[in-house]
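In case you want the letters, here they are:
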Amino acid sequence: DIVLTQSPTSLAVSLGQRATISCRASQSVSTSNYSYIHWYQQKPGQPPKLLIKYASNLESGVPARFSGSGSGTDFTFNIHPVEEEDTATYYCQHNWEIPYTFGGGTRLEIK
Amino acid sequence: QVTLKESGPGILQPSQTLSLTCSFSGFSLSTSSMGVSWIRQPSGKGLEWLAHIYWDDDKRYNPSLKSRLTISKDTSRNQVFLKITNVDTSDTATYYCTRSPSFDYWGQGTTLTVSS
C-alpha cells in the first residue's frame, strides 16, 4: 500500500497568516501530466470536503486562498490567508492504485 | 444537484453481517465513468477506503478487508450496497459513500457500533 505521511499532525496559525501542510508519499504518485493526490477538509460531524484535486486544481466553489502543489512523492497544501472557518482537519489522499489511502490528517487551529 | 445518503443498522453484534445502502441522486451509474466508493472512519481517527463500484460493474476492494466485503449496485434504483461479513468491534465507525472517481460529493455518513 502507498503510505501518505502528513506533517505536522497539528498546527496553530494566526488569523490572516499562512498554513502549510506537507504530504509525502511512499512512492511516486505522478505521471508527466497528473499527480494523483487530492486534499480534503473535514469539520467535526461532517464528511470530508474536496478542496484540491490532482495536487493543484481547485475544486469548483472552493475559495482561492486554498492551494496545492507538488509532484512525485512530495506535496504541499497551503491556506493563505487563514480564516476562522478554516478550523478543521485536513487530509491528503491518493488514487494512484488500489487501495486508495489517506494521510493521517492535520488538525488546524486558528489563533 | 448531487446527493448521497447512507443507511445501515446502527448497531450489530460481533460476527453478524453489516448491510449498508447508499441512495443517491443527481447522477447515474448508467453513465460512463461514474462510480461510488465506500469509506469509513472510526470516531476520532482517519479515513479508510473500502471499495468501489463503477458503471460497468467494475468492482475493487481494499485487500485488507477483501474477503469480507461485497459491493453491488441497483442502477435503476440509484443505489449501491456494501456488505461486510463477520463484523467485530474494530468495524465500529462512520461509513460514508462518495461519488467516484473524484470523491467530490459525500453522504453525511451512517454510524455503526459493534457491541455484544
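Here is what the cut-offs are and how they apply
- Residues numbered from 1 in each chain as written.
- Chains lettered and ligands numbered in written order.
- Predicted model: local features only at pLDDT ≥ 70, side-chain atom pairs only at ≥ 80, totals over all residues.
- Heavy atoms only, no water.
- Helix = DSSP H or I, 4+ residues; strand = E, 2+ residues; numbered from the N terminus.
- Buried < 20%, exposed > 50% of the residue type's maximum accessible area, 1.4 Å probe, protein only.
- Polar contact = N/O pair within 3.5 Å; in protein donor to acceptor, adjacent residues only side chain to side chain.
- Contact = heavy atoms within 4.5 Å.
- Phe/Tyr/Trp six-rings, centres within 6.5 Å; stacked < 30°, edge-to-face > 60°.
- Lys NZ or Arg CZ within 6 Å of the ring centre and 35° of its normal.
- Lys, Arg positive; Asp, Glu negative; His and termini not counted.
- Salt bridge = Lys/Arg side-chain N within 4 Å of Asp/Glu carboxyl O.

Focus on the side chain of A:T106
All names here are of chain A.
Item 1. Mapped onto the elements, T106 comes out in strand β11 (residues 106-110).
Item 2. Residue class for T106 comes out buried when judged on its relative accessible area of 0%.
Item 3. In terms of polar contacts, T106 uses its side chain to reach the side chain of Q6, at 3.0 Å.
Item 4. Not counting chain neighbours up to four residues away, the residues in contact with T106 comprise Q6, S7, P8, T9, S10, L11, I21, A88, T89 and Y90.

Considerations on the environment of B:I39
Item 1. Within the element layout of this structure, B:I39 appears in strand β4 (residues 35-41).
Item 2. Judged by relative accessible area, which is 0%, B:I39 ranks as buried.
Item 3. For the pair B:I39 and B:C97, spaced 58 residues apart in sequence, the C-alpha to C-alpha distance is 6.2 Å.
Item 4. Non-local contacts of B:I39, meaning those with residues more than four positions away in its chain, are made with A:F102, B:L47, B:E48, B:W49, B:L50, B:T94, B:Y95, B:Y96, B:T98, B:F103 and B:W106.

A few points about the packing of aromatic side chains
Aromatic ring pairs are defined here through the distance separating the ring centres and the angle between the ring planes.
Item 1. Under the criterion given, the structure shown has 14 aromatic pairs over all chains.
Item 2. Seen in terms of ring centroids, B:F24 and B:F27 are 4.4 Å apart; in terms of plane orientation they differ by 15°. Their pairing is stacked.
Item 3. Pairwise contacts between aromatic rings join A:Y40, A:Y100, A:F102, B:W49, B:Y96, B:F103 and B:W106 into one cluster.
Item 4. One residue, B:R99, lies across the ring of B:F27, its end atom 5.5 Å from the ring centre.

A word on the environment of B:V114
All names here are of chain B.
Item 1. Topologically, V114 is positioned in strand β10 (residues 110-114).
Item 2. With 23 residues separating them in the primary sequence, V114 and D91 have C-alpha atoms 6.8 Å apart.
Item 3. With residues near it in sequence (within four places) discarded, V114 still touches L12, Q13, P14, V87, D88, T89, D91 and T92.

What about the side chain of B:E6?
All names here are of chain B.
Item 1. If you trace the backbone, E6 turns up in strand β1 (residues 3-7).
Item 2. One buried charged side chain, E6, makes no salt bridge at all; its nearest oppositely charged neighbour is K5, positioned 8.4 Å away.
Item 3. At 3.5 Å, the side chain of E6 and the backbone nitrogen of G107 are in polar contact.
Item 4. In terms of polar contacts, E6 uses its side chain to reach the backbone amide nitrogen of Q108, at 3.3 Å.
Item 5. E6 has contacts with T21, C22, W38, Y95, Y96, C97, G107, Q108, G109 and T110, leaving out every residue within four places of it along the chain.

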